[in-house]
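Summary of the model geometry
Listed here are the chains, written in short residue letters.
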Amino acid sequence: MIDALFRKSYAESMLITPSQLVDEPLKLDESIAEGTIEYAPDIRQINPLKITGKAELLLEHRGSREVVEDIRLRAHVHGRFEQLCARCLDHVAQTVDTDMDLIFRPSGADGEAGERAITEDETEIGYYESSGLSLEDAVREQVLLTLPGRAICQPDCKGLCPHCGINRNLASCECAEKPIDPRLSVLAGLNVGSKA
Ligand SMILES: [Zn+2]
Ligand SMILES: [Zn+2]
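Thresholds, definitions, all that
Residues numbered from 1 in each chain as written. Chains lettered and ligands numbered in written order. Predicted model: local features only at pLDDT ≥ 70, side-chain atom pairs only at ≥ 80, totals over all residues. Heavy atoms only, no water. Donors = N, O, S within 2.8 Å, 3.2 Å for Na, K, Ca; no water. Tetrahedral: all angles 85-135°; square planar, octahedral: opposite > 155°, others 65-115°. Buried < 20%, exposed > 50% of the residue type's maximum accessible area, 1.4 Å probe, protein only. Helix = DSSP H or I, 4+ residues; strand = E, 2+ residues; numbered from the N terminus. Core = buried A, V, L, I, M, F, W, Y, C linked by side-chain atoms within 4.5 Å. Phe/Tyr/Trp six-rings, centres within 6.5 Å; stacked < 30°, edge-to-face > 60°. Contact = heavy atoms within 4.5 Å. Salt bridge = Lys/Arg side-chain N within 4 Å of Asp/Glu carboxyl O.

**A word on the coordination of the zinc ion (ligand 1)**
The protein atoms that coordinate the zinc ion (ligand 1) are Cys 85 (SG), Cys 88 (SG), Cys 153 (SG) and Cys 157 (SG), at distances of 2.3 Å. Given four donor atoms and angles of 105 to 114 degrees at the metal, the environment of the zinc ion (ligand 1) is assigned as tetrahedral. Read in sequence order, the donor residues for the zinc ion (ligand 1) give the motif C-x2-C-x64-C-x3-C. A relative accessible area of 29% places Cys 153 in the partly exposed class.

**Quick look at the coordination of the zinc ion (ligand 2)**
Distances from the zinc ion (ligand 2) to its protein donors, namely Cys 161 (SG), Cys 164 (SG), Cys 173 (SG) and Cys 175 (SG), fall within the range 2.3 Å. Given four donor atoms and angles of 108 to 112 degrees at the metal, the environment of the zinc ion (ligand 2) is assigned as tetrahedral. The sequence pattern describing where the donors of the zinc ion (ligand 2) fall on their chain is C-x2-C-x8-C-x1-C. Within this pair, whereas Cys 164 is found in the loop between helix H3 (135-146) and helix H4 (185-195), its partner Cys 175 is found in the loop between H3 and H4, the two being separated by 11 residues in sequence.

**Looking at the nonpolar core**
Among the nonpolar cores identified, the biggest contains 29 residues, and Ile 16, Leu 49, Leu 73, Val 139 and Val 143 are the most heavily contacted of them. The set of elements that each furnish at least two residues to this core consists of strand S2 (26-32), strand S4 (49-62), strand S5 (66-84), strand S6 (91-106) and H3. Here this core takes five residues from S5, the largest share from any one element. In terms of nonpolar packing, the next biggest core, distinct from the first, is built from five residues, Cys 85, Cys 88, Val 92 and Ala 151 among them.

**A look at the packing of aromatic side chains**
Geometry of an aromatic ring pair is reported as the spacing of the ring centres plus the angle between the planes. Taken as a whole, this structure holds one aromatic pair when the rule is applied. When the ring of Tyr 39 is compared with that of Phe 81, the centres are 5.2 Å apart and the planes differ by 85 degrees; the resulting orientation is edge-to-face. Residue Tyr 39 is found in the loop between S2 and strand S3 (43-45), and its partner Phe 81 is found in strand S5; the two are separated by 42 residues along the sequence. Under the relative-accessibility criterion, Tyr 39 is labelled buried at 5%. Its relative accessible area of 0% is what places Phe 81 among the buried residues.

**With respect to the environment of Cys 164**
The class for Cys 164 is partly exposed, based on a relative accessible area of 28%. Cys 164 sits 10 residues away from Glu 174 along the chain, and the two C-alpha atoms are 9.4 Å apart. Ignoring anything within four residues of it in the chain, the contact list for Cys 164 reads Cys 173 and Cys 175.

**Section: the pattern of salt bridges**
Counting across every chain of the model gives six salt bridges. Between Glu 60 and Arg 105 there is a salt bridge, and its shortest N-O distance comes to 3.0 Å. Taken together, the residues Glu 60 in strand S4 and Arg 105 in strand S6 connect sequence positions 45 residues apart. Accessibility classification places Glu 60 together with Arg 105 in one group, the buried group. Where Arg 72 meets Asp 101, a salt bridge forms, and the shortest distance between an N and an O atom there is 2.8 Å. One end of the pair, Arg 72, is in strand S5; the other, Asp 101, is in strand S6, and 29 residues separate them in sequence. Accessibility expressed as a relative area gives 17% for Arg 72, which makes it buried. Residue class for Asp 101 comes out partly exposed when judged on its relative accessible area of 30%. One salt-bridge network, in which partners are shared between bridges, spans Glu 60, Arg 62, Asp 70 and Arg 105.

As structure tokens, then:
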């Protein structure tokens, strides 16, 4: 019910606020369409990203008066992605199939001391703005943590020819056979260009 109302006002972004979680955890069964989240220039989501799990409120008592409203997000994230090979720029299929368990504190709750060390368990701490915790932002971070920083299409990817740019997995060129004088490489590039 709350969820439905909420999504009406935020068609693009799902925001989770402590007030939604006071009575009971919020069940998540979401599907985020491809193109909704921008990950990185070389990462593209290619099917709807499924998020199932829950968000719950954790009250952190600090001293006798201060209560910090933390949001714990536990969810399974599943979706398919394409990354660009770091060597040949070909597409590399990737599947994200991972569990996330993160705690978010209101931004500013930790004052000037900044992000404090995680205490009780290994759960990581993030921060949410006063408007609420953006599910998209949290999921985006999780996907970026899950995918390799540098994808390679195959272990022996030959990459692109630095001289003519040909994909050496697909074709060969003669550039490698003749030693390239760095002073001439610009001209060599021009020659190839004028032939095309
Ligand atoms: Zn490659
Ligand atoms: Zn070449």
